[in-house]
Every structure is written in structure tokens, then in C-alpha cells.
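Residue strings, one per chain:
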Amino acid sequence: MKGASSAQVLRHGVFAVAVGVVGAAASVVLCLVVGWAYDLVCAHGWLLYLLPIFAVASLLLYRALRLPLDTTTHTVINDICADRPISPALAPGILLGTALSILGGASVGKEAAALHMGASLGDLVARPLKLRPLTGVWKGGSRADGAGGTSGGDGAVGSAGASGGAGIGGGASGGVHAYAASCGMAACFAALFFAPLGSTAFVIELSRYDRSVWRHAPFMLLACFVAFGLASIIGIGDVIPKVPLPALSWPVVGQCVVIAVACALVGTVYIQIIDGAQRLTKRISQNYYLWAALGGVLMAVLVTLFDWRGFEGTGANLLSDALAGRAGGWTFAVKALLTIVCLGLWLRGGEIMPTFTVGALLGASCTVMTQGDPAFSAAVGLVAFFAAMSRCPVTAFLMGCEIFGWAGAPAFALAVAVSFSLGRDVGLYGRGATGILKRATSAARARLVVKKP
């Protein structure tokens, strides 16, 4: 790279390989721990009634580790965009917190745990290597291009200047915290889903194309492929079943459009309720122990009253049924409701696998209108719903192709385009990157017009 010393390039290469190994190991540990917790709650159904206690215990763990009780993937992304260091304590905190939620049968996933663990471990691995940016974008600890930091209103996140504190290995951080944490996130996610391209795109889109992140993309890709290779050899991760992929035709186009429209509408409502519940509860009282206990009680009551035992946990079992063509009806609404209760009321855990499940179930239910193949419809629903929820269209497309096969690329591209364009421009992780880029472009054009004589 131009202007970069060979020693720094070597250090970045070593870091990428190391974080790939660590990310794969973290993913395997996460799968084993969460799998053990889920097997226990399936074997001993009475653990559901301990969920309020487990929920409070997970928050007490965060307090003991000096972690903010309102930590979510969105707040971790905000820290990355602001180039703040990620606490090493976040990795064990989210691992054990997620396990406690799953042990009580909560409708949460483990994928956010992978992202949080990856960010924490990536920042930790980078510290002894004394990394420096390779692109020359950063000068004197601040952005050379003068990009300012944005964060706040409506969950908007953007690039922030260097924090001004001690960076990795001493001196100004210069965006290396952001890059190191993002690289760890991508590696852990790649090992979990066996999707290196989609995982790299995910953290780039989550960072809203922060320069300190995407300009180190080659090293992030290296870390992701190392993690992917190790996870593939070990064979432990979220293995999502493949489905038959039809050739693109007008009936298939119609099916994709119908499913994508449904995913955009339901996905927008879904994320707004989760975000609204978190905002409302924080406004009423920041006693997160109270809210988490209430969430555990509501989850236990709903599952008991309506016999929704099959909807506990991450939803991987429901996802497998949907992709096998054995799901439909209103099951997507049940899973969505339980996930809203758990995440909206601050239980530890993630949103991605439950979101995949809701999307797949919704896609399968659309066969009532489309008369299409339910398994293929579930796959399209998974991809389209994730695009609407995350506001990360490139990620949704790439992960769909990596998980189900590149033969489905035309169908997935169409579904993502429709779902993303019809959905609201604020997802569970803040505003979509394309929306931010559009507003930045419009502002730049406006400034040029003003400067013209």
C-alpha cells in the first residue's frame, strides 16, 4: 500500500491471521455454550420460569464487569464509529449473558454475541501489535479529510474523529480501534455463518462505510477467510440448510416481489416496535433489572398460556422447518412477538437468528398468495427481511448467495432491492448507509451550488 512501511503491512497481516484464529475459536465456544444451554431448557422445561432471575443475573454480571447495562449491537457500532476502544470484558459478558437468556428459553439469538465478542477480542488482539493505519487517511490523530463525527438522532451513526486518547500501542488511535474491532466482528461472524464475503460487507455497512474500516478491507477479508476455513474444518457453527433454487422466470419474479413487499412492511413494524420499546422503557425508568425481569415474566406467561414451547431459543429449529417446506401460517408473528418482548425489555442476546427465522417463516406464509415453493420462499424471506431489518443490502445479498448458493443471486438481488427500497431508512442498527451517503451527496452538491459565482 502507498506510503505504508513493510513492517506495518506485516503487522497488519499477522493481526488479520491472529484475529481470524481467535474469531473462529470464539465462535466455536459460543456455539457450544449456547447449544448446551438450549439443550438444558429443552430437557428441563421448568427452567423457563427462572428466566426473570437469569435475566437479572445477566445484568448483574454486566455491572460486575463495568459494562453499560444498555449495551446493544447499535451502541457497539456507535463506539466503533467514534473510534473508542472496546472493553475486553464485553466478550465474557455477552457470552455468559446470552447463555443465561437461552438457558431460560428466551427468544434471542447468539449472533449479536458473536459480533460483540469479535469486537472486544479484535481490539484486544491488536493492542500488542502497535498497529497504525496504512492508507495515509489519518494525520496527527484526526481525519485528514475533515470528516466530522455524527451520532444520535434517530439512531444515525457516522464517522467520528479520533478520540484523542491513547491509541493501540500508544499515541493517537487514528481509527485503529475502529478497524481492529470491526475486523474481529467480521471474523467471528464469518466463522459462525461460514460466510466470509457477507461478514466483511456486514461490518463495513454497519460502520456506515467508515474510512478507517473499509480501507483496511483486504486484511478484514483475510481474517474472515482464516476464520471461515478453521470453522469449516471444525464443523461447528450455524449451518443453515440449503434449498432448491429455481431458474429466474416471471412467476419467480412475482414471488420475490410479493415476499419482499411483505418483508419490508412487517420488517419495518418489527424493528420500530423493538426500538420503540427500548426507548420507552429508558424514558420511563433506567432500572434495567426491572425491565429484564418483566420481560422474563411475560415470556414465561405467553409460552405457558399458548403452549409456544417450540418458539423458545434462537429459532434455528423453526428456520430448518421453514426451509424444509414445513412452515407457514402465522408462526412468523408468534416468533416476532416473543423476540420483541425479550429484546425490547433488555434481555441479553441477539437479534439476527430470530430475524432470519421470522423472515423465513413470513416468506413461507406468502405461498398462500404466490403458490410458490415454500422452501424457496422461506429463503427469499430470510434474505429480504434481513435487508429491511439491518439496512445492509449488500450484506443481505451476499449472505443469501453464500448460504443458499450463487444460483439464487438474481432472485436475492431482486428481493433485497424491493425490500430495502420500501422499508424505512432506520433499522435496528441505525440509519442505512445508502441513506447517509445520499444525504452527504446532496449536502455536497448544495455547497457547490452556493459556492458558484
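Scroll up to find the structure this text is about.
Predicted model, so just to flag it, every value in this text is computed and none were measured.

Caption draft 1: How the structure looks around the overall build of the protein chain. Counting its regular elements, the protein chain contains 19 helices and 6 strands. Here the protein chain holds 453 residues, and 57% of them are scored as buried. Across the protein chain, the fraction of contacts at a sequence separation of at least 24, relative to all contacts at a separation of at least 6, is 81%. Surface summary for the protein chain: the accessible area is close to 17,100 Å², and the carbon and sulfur share equals 68%.

Caption draft 2: A look at the nonpolar core. In terms of nonpolar packing, the biggest core is built from 141 residues, with Phe15, Phe193, Phe202, Ile352, Phe356 and Phe404 touching the most fellow members. For this core, the leading source of residues is helix H6 (residues 176-193), giving 15 residues. Once you skip the residues sitting within four places of it in the chain, Phe15 turns out to touch Gly122, Val125, Ala126, Leu129, Leu131, Tyr179, Ala180 and Cys183.

Caption draft 3: Representation of the packing of helix H4 (residues 90-103) against helix H5 (residues 111-126) within the structure. Their axes nearest at 8 Å, the elements H4 and H5 cross at an angle of 165 degrees. When the axes of H4 and H5 are compared, the pair comes out roughly antiparallel. Every pair of crossing elements has a handedness; the one defined by H4 and H5 is left-handed. Within the contact between the two elements, H4 uses Leu90, Ala91, Ile94, Leu95 and Thr98 and H5 uses Ala113, His116, Met117, Ser120 and Leu121.

Caption draft 4: View of H4. Helix length check: H4, at 14 residues, gives a terminal C-alpha distance of 19 Å against a target of 20 Å (1.5 Å per residue), a fit within 8%. In terms of burial, H4 is largely enclosed, as 11 of its 14 residues are buried. Looking only at H4, the buried set comprises Leu90, Ala91, Gly93, Ile94, Leu95, Gly97, Thr98, Ala99, Ser101, Ile102 and Leu103. Where H4 is buried, its residues touch helix H1 (6-43), helix H2 (51-64), helix H3 (73-81) and H5.

Caption draft 5: Expanded view of the side chain of Thr268. Relative to the helices and strands, Thr268 resides in helix H10 (residues 250-284). Separated by 2.7 Å, the side chain of Thr268 and the backbone oxygen of Ala264 make a polar contact. Residue contacts for Thr268: discarding those within four places in its chain leaves Cys263, Gly423 and Arg424.

What counts, and at which threshold
- Residues numbered from 1 in each chain as written.
- Predicted model: local features only at pLDDT ≥ 70, side-chain atom pairs only at ≥ 80, totals over all residues.
- Heavy atoms only, no water.
- Helix = DSSP H or I, 4+ residues; strand = E, 2+ residues; numbered from the N terminus.
- Buried < 20%, exposed > 50% of the residue type's maximum accessible area, 1.4 Å probe, protein only.
- Contact = heavy atoms within 4.5 Å.
- Areas by Shrake-Rupley, 256 points an atom, 1.4 Å probe, with all protein chains shown as cover.
- Core = buried A, V, L, I, M, F, W, Y, C linked by side-chain atoms within 4.5 Å.
- Axes fitted to C-alpha atoms, helices over the stretch in contact; angles between N-to-C directions.
- Parallel < 35°, antiparallel > 145°, perpendicular 65-115°, else oblique.
- Left-handed = near helix turned anticlockwise from the far one by under 90°.
- Expected span 1.5 Å × (residues − 1).
- Polar contact = N/O pair within 3.5 Å; in protein donor to acceptor, adjacent residues only side chain to side chain.

Scope: geometric values only; no functional claims are made or implied.
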